[in-house]
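Next come the chains, spelled out residue by residue.
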Amino acid sequence: MNNKDFILSFEEAKRQLLGANKIVIVSHRSPDPDTVGASIALNRALTKLGKTVTACAVDKLADFLNFFEEAKNFEQELPSSGFDLLVILDCGSIEQTGLQKEFSVLKAKQVRSISIDHHSTNSKFADLNIVQPDSAATCEILYDFLCLVGWSIDEVQATALLLGIYYDTGRFMHSNTSAKNLQIAADLLNLGADFEFVVKSLYKTKPYEQLKLWGLIWNRARINDKNIVVSAVTDDDLKSCGAKKEHLSGAIDYMNSIAGTKFCMLLTDDQTGVKASVRTQRDDIDLSKFSLIFGGGGHKKASGFTIPGKIYKEIEVKWRISV
Ligand SMILES: [Mn+2]
C-alpha cells in the first residue's frame with residue numbers, strides 16, 4: 001500500500017467504526033503486548049466515542065497487563081451475536097486468532113471485519129485490510145491511525161501503544177527500530193506514557209520460575225551442523241520448572257545473540273503440534289520464507305510455524321574408556 005492508499009484505508013476504517021455501535025476487538029492467541037496494547041488503545045478511543053466495545057483473546061492475558069482496566073475485561077470467547085463490526089489486531093491470518101470457525105459464521109452473516117496488522121505474510125482475510133509491514137508494531141500503525149483520524153490519545157492509550165512498540169522492537173534493539181518509531185515513542189512520552197511501567201513490566205520483572213525455564217533452554221541449546229542454534233521445551237519441562245507458557249516469551253532473543261550462527265530455533269509443545277519460533281540477526285536470511293514452507297509466517301528476522309507431532313527427548317549415551 002502506498003501512502004495515499006493508506007490514508008484512504010484509514011478514512012474507510014474511521015467511517016466503518018463511526019457507523020458501528022457494538023464493536024468486537026480481537027487479539028491473537030498467546031496475546032503479546034503489541035496485540036493487547038493496540039486493543040486497549042483502540043478500545044478506549046471507541047469507548048470515548050460512545051461505542052460499546054468487547055475485547056477478546058482466546059488465551060489468557062499475562063497478569064502484568066491488569067495494570068490496564070481494559071485488560072481485566074478481556075473475553076476468551078466471541079460474543080455469539082449482537083455486534084456489528086469486528087476489528088482484528090496484529091494477526092497475519094485468521095488462524096492466529098484461534099477463532100476461524102466463528103469467523104466463517106460471521107462472514108456468512110455478513111458482519112464486516114477490519115484487520116490492522118504489520119506481518120508481511122498477512123493473508124488479507126478481512127473485508128478491510130490495513131497491512132503495513134514497514135511498521136515495527138501494530139501499535140505503531142494504530143498511533144498513525146489515531147493521529148490521522150484526529151482521535152485524541154490519553155495517558156493510558158500512550159502507555160499501551162508504547163508498550164506494544166517497545167515489545168515488538170525488543171526494547172528498540174531489533175532491526176525494525178527506526179527513526180519513525182523512536183519519534184513515535186518520544187511523542188507518546190510527551191503524551192504522558194508511563195515509561196517506567198513499560199520497562200519494568202517487560203524487562204525488569206522476571207519470576208523465579210521463568211529464569212529456571214530459561215536456564216533449561218540455554219542448557220539444552222545445541223549448535224547443529226548447519227550452524228543453527230536449536231533448543232526445545234516440552235509441557236513437562238514447563239511443569240517441572242513451575243513455569244507458564246507466557247514465560248517462554250523473550251527467551252529466544254538470547255538464543256539469537258550467539259555469535260556467528262545462522263539463526264536460532266526454539267521448539268515448544270503446542271495444542272496442535274510442535275511450535276517452532278525462529279530468529280536471525282543476518283540480513284541475507286529471510287525467515288518469513290522459511291516459515292512459510294511449513295505453513296507459518298512472520299517477519300524476515302523473526303517468524304514461526306507449527307507442525308503436527310510432539311517433542312521427545314532423545315538421550316544419546318556414549319561410553320568411552322580412556323587410559
Ligand atoms: Mn506485533
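Residues numbered from 1 in each chain as written. Predicted model: local features only at pLDDT ≥ 70, side-chain atom pairs only at ≥ 80, totals over all residues. Heavy atoms only, no water.

Draft legend 1. The arrangement of the overall build of the protein in detail. In terms of regular secondary structure, the protein is built from twelve helices and eleven strands. Over its C-alpha trace the protein gives a radius of gyration of 20 Å, about what one expects of a compact globule, namely 20 Å for 323 residues. Taking as baseline every contact in the protein between residues at least 6 positions apart, the subset at least 24 positions apart corresponds to 66%. Summed over its atoms, the accessible surface of the protein is roughly 16600 Å², and 52% of this surface lies on carbon and sulfur atoms. (Helix = DSSP H or I, 4+ residues; strand = E, 2+ residues; numbered from the N terminus. Rg over C-alpha atoms; globule rule 2.2 N^0.38 Å. Contact = heavy atoms within 4.5 Å. Areas by Shrake-Rupley, 256 points an atom, 1.4 Å probe, with all protein chains shown as cover.)

Draft legend 2. Highlighting a nonpolar patch on the surface. A contiguous nonpolar patch, built from Ile293, Phe294 and Ile307 and spanning about 280 Å² of accessible area, is present on the exposed surface. Ile307 sits in the partly exposed class, given a relative accessible area of 34%. (Patch = residues over 30% accessible without salt bridge, like charges linked within 9 Å, V, L, I, M, F, W, Y side chains within 5 Å. Salt bridge = Lys/Arg side-chain N within 4 Å of Asp/Glu carboxyl O. Buried < 20%, exposed > 50% of the residue type's maximum accessible area, 1.4 Å probe, protein only.)

Draft legend 3. Quick peek at the state of the cysteines. Summed over the entire model, instances satisfying the criterion amount to zero disulfides. Here Cys139 is not disulfide-linked; the sulfur of Cys91 is the nearest cysteine sulfur, at 13 Å. According to the relative accessible area criterion, Cys139 is buried, its value standing at 0%. A disulfide-free cysteine, Cys147 has its sulfur positioned 13 Å from the sulfur of Cys139, the nearest such atom. (Disulfide = S-S within 2.5 Å.)

Draft legend 4. Spatial organisation of unusual backbone geometry. Its identity as a non-glycine residue notwithstanding, Lys124 has a phi of 50 degrees, on the positive side. Topologically, Lys124 is positioned in the loop between strand E4 (112-117) and strand E5 (128-131).

Draft legend 5. Highlighting the coordination of the manganese ion. Within the first shell, the manganese ion binds the protein through Asp34 (OD), Asp90 (OD), His118 (NE2) and Asp168 (OD), at distances of 2.1 to 2.3 Å. For the manganese ion, all donor residues lie on one chain, and their spacing in sequence is D-x55-D-x27-H-x49-D. Taken together, the positions of His118 in the loop between E4 and E5 and Asp168 in helix H6 (residues 155-168) put the pair 50 residues apart, joining distant regions of the chain. Look at Asp168 and you get buried, because its relative accessible area is 15%. (Donors = N, O, S within 2.8 Å, 3.2 Å for Na, K, Ca; no water.)

Draft legend 6. The domain arrangement of the protein, seen in detail. Annotation of the protein at the domain level lists domain 1 (3-202) and domain 2 (208-307). The C-alpha-based centres of domain 1 and domain 2 are spaced at 25 Å. Every contact between the two is made by eleven residues of domain 1 and, on the other side, 13 residues of domain 2. Considering only the side of domain 1, the residues that lose the most area to domain 2 are Arg29, Thr121 and Ser175, jointly responsible for 41% of the buried surface there. Here domain 1 and domain 2 share two salt bridges between them. For the salt bridge of Asp63 with Lys244, the shortest nitrogen-to-oxygen distance reads 3.9 Å. Linking domain 1 with domain 2 are five residue pairs in polar contact (both at pLDDT 80 or more). When the residues that make up the side of domain 1 that touches domain 2 are grouped by side-chain class, the tally is two nonpolar, six polar and three charged. (Domains from an automatic or database assignment. Buried area = accessible area lost by both parts, 1.4 Å probe. Polar contact = N/O pair within 3.5 Å; in protein donor to acceptor, adjacent residues only side chain to side chain. Nonpolar A, V, L, I, M, F, W, Y, C, P; charged D, E, K, R; others polar.)

Draft legend 7. Molecular detail of the packing of helix H2 (residues 33-48) against helix H5 (residues 138-149). Packing of H2 against H5 brings their axes to within 8 Å, and their N-to-C directions diverge by 20 degrees. Accordingly, the angle class assigned to the pair H2 and H5 is roughly parallel. For the crossing formed where H2 meets H5, the hand is left-handed. For the pair H2 and H5, the contacting residues are Asp34, Gly37, Ala38, Ala41, Leu42 and Ala45 in the first and Thr138, Cys139, Leu142, Phe145 and Leu146 in the second. For the contact of H2 with H5, the per-class residue count stands at eight nonpolar, two polar and one charged. (Axes fitted to C-alpha atoms, helices over the stretch in contact; angles between N-to-C directions. Parallel < 35°, antiparallel > 145°, perpendicular 65-115°, else oblique. Left-handed = near helix turned anticlockwise from the far one by under 90°.)

Draft legend 8. Structural detail: the sheet that holds E5. In spatial order, the strands read E2-E1-E3-E4-E5; together these five strands make up an open sheet with parallel pairing. The open sheet is flanked by strand E2 (52-56) and E5, the only strands paired with a single partner. When strand polarity is set aside, the average angle formed by the axes of neighbouring strands in this sheet is 15 degrees. In the sheet, strand E1 (residues 22-26) pairs with strand E3 (residues 85-89) via four bridges, with the strands oriented parallel. Directly across from Val26, in E3, lies its bridge partner Ile88. (Pairing = 2+ DSSP bridges.)

Draft legend 9. Layout of the nonpolar core. Ranked by size, the top nonpolar core spans 55 residues in total, and within it Leu17, Phe145, Leu161 and Leu188 carry the most contacts. Ignoring sequence-local partners within four residues, the contact set of Leu188 consists of Tyr143, Ala158, Leu161, Leu162, Ile165 and Ala193. Counting 16 residues, the second largest nonpolar core, distinct from the first, contains Ala221, Leu238, Ala243 and Ile252. (Core = buried A, V, L, I, M, F, W, Y, C linked by side-chain atoms within 4.5 Å.)

Draft legend 10. Focus on the side chain of Ser201. Its place among the elements puts Ser201 in helix H8 (residues 195-203). Looking at Ser201, the relative accessible area reads 13%, which means it is buried. A polar contact is formed between the side chain of Ser201 and the backbone oxygen of Val198, at a distance of 3.4 Å.

Draft legend 11. Just the pairing of strand E9 (residues 273-279), in detail. Among the seven residues of E9, five are classified as buried, and the element is accordingly described as predominantly covered. Judged from the seven bridges that link them, strand E8 (residues 263-270) and E9 form a sheet pairing that is antiparallel. Bridged to Leu266 within E9 is Ser277. Following E8, the chain reverses through two residues before pairing antiparallel with E9.

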